[in-house]
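Here's the letter readout for the chains.
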Amino acid sequence: MTDRVRAAEVAISWAEAEGWNPGLDDQRRFLAADPDSFLAAERAGEIVATVSCALYGDRYAFIGFYIVRPDLRGHGIGSALFDRALERAGGRVVGLDGVLAQQESYERRGFVLADRNVRWRTAGGGERPTELAEVSSVPFDQLLAFDAAVWGAERERFLRAWTDRPPGHALACLRNGSLAGYGVLRPCRVGAKVGPLLADNEDVADTLLTGLLATAGPQAEVFIDMPTGNARAESLRGAREMEPSFETARMYLNGRPPEDVERVFGVSTLEFG
């Protein structure tokens, strides 16, 4: 059986080669969120295909890093490995963000299109709004409750690993003493990504994004994956120069989680949901 760390290393390196621009320390954080999430197929001791299946409680799972080595595609290796990921998910609702070229393939497996995520590219810089606080200053149970209400499932281990960032990289906005939104900036192979960006309304989302762009700095490229299902997210692009660079299909099997997409201004990741 392939060592989970080795499987994660290969999956993330292949994701970089595919142009998916993973985070600099994604491996450590993803393995902390779900140590057994990475699966791989081998031939003659070499990994030839990868996939991840992160479990969130007993009701939700998310599949990512589904990659077959280019010279072996079309031989059924990936399909068998994908079956293993679905076996790990059990009877849970299963989500994924697939490249558009593979949408029909997922539909044949029973996945249903729910939304699309468009990756927008912009520039860092500006000033951090004074009203923002570090996520680390927010009681974790409050952060967990807010996140679960928006995302549709509780993900305690993921949140602990994902929001443990240097100052300025995980910011919260409080209104009237309550958490109204939070966002994370994640350094990547190229520039940085914002994700998640969850907020009660456009004003909170804009304030958080302004703070995260300030942290990134004026020379940085910054990317954010916005769901097309949240029309309010368009407001974030009104006063900024943003251009689309990538698009995925958010699809679900076995139903869908009770996500409050109107409060999702930037998805967490395309790999772990």
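Everything discussed here concerns the structure shown above.
The structure reproduced in this document is the subject of the present report. Worth saying up front: this structure is predicted, and the values here are computed from it rather than measured. (Residues numbered from 1 in each chain as written. Predicted model: local features only at pLDDT ≥ 70, side-chain atom pairs only at ≥ 80, totals over all residues. Heavy atoms only, no water.)

### Let's talk about the overall build of the protein
Next, step 1: Looking only at helices and strands, the protein features 8 helices and 12 strands.
Next, step 2: Here the C-alpha radius of gyration of the protein, 18 Å, is about what a compact globule of 273 residues would show, namely 19 Å.
Next, step 3: With respect to the three principal axes, the spread of C-alpha positions in the protein is 55 × 35 × 30 Å.
Next, step 4: Counting only residues that meet the buried cut, the protein has 55% of its 273 residues in that class.
Next, step 5: For the protein, contacts bridging at least 24 residues in sequence account for 74% of all contacts bridging at least 6. (Helix = DSSP H or I, 4+ residues; strand = E, 2+ residues; numbered from the N terminus. Rg over C-alpha atoms; globule rule 2.2 N^0.38 Å. Buried < 20%, exposed > 50% of the residue type's maximum accessible area, 1.4 Å probe, protein only. Contact = heavy atoms within 4.5 Å.)

### Regarding the pattern of salt bridges
Next, step 1: Under the defined criterion, the tally for this structure stands at 27 salt bridges.
Next, step 2: Notably, a salt bridge pairs Glu271 with Arg186, separated by 3.7 Å at the nearest N-O pair. One end of the pair, Glu271, is in the segment after strand 12 (264-266); the other, Arg186, is in strand 8 (residues 178-187), with 85 residues separating them in the sequence. The same class applies to Glu271 and to Arg186, which are both buried.
Next, step 3: One continuous salt-bridge network, built from bridges that share partners, spans Asp25, Arg28, Arg29 and Arg165. (Salt bridge = Lys/Arg side-chain N within 4 Å of Asp/Glu carboxyl O.)

### Here we look at helix 3 (residues 77-89)
Next, step 1: Between its first and last C-alpha atoms helix 3 spans 19 Å; for 13 residues at 1.5 Å apiece the expected length is 18 Å, and the two agree.
Next, step 2: Listed in full, the buried residues belonging to helix 3 are Ile77, Gly78, Leu81, Phe82, Ala85, Leu86 and Ala89.
Next, step 3: Contacts from the buried residues of helix 3 go to strand 1 (38-43), strand 2 (46-56), strand 3 (60-68), strand 4 (93-99), helix 4 (103-108) and strand 11 (243-253).
Next, step 4: Backbone geometry just downstream of helix 3 places Gly90 in the positive-phi region, at approximately 65°. (Expected span 1.5 Å × (residues − 1).)

### A word on the side chain of Thr269
Next, step 1: Tracing the sequence through the fold places Thr269 in the segment after strand 12.
Next, step 2: Among the polar contacts listed, one links the side chain of Thr269 to the backbone nitrogen of Phe272, at a separation of 2.6 Å.
Next, step 3: Once residues within four sequence positions are removed from consideration, Thr269 is found in contact with Phe30, Asp97, Phe158, Trp162 and Arg186. (Polar contact = N/O pair within 3.5 Å; in protein donor to acceptor, adjacent residues only side chain to side chain.)

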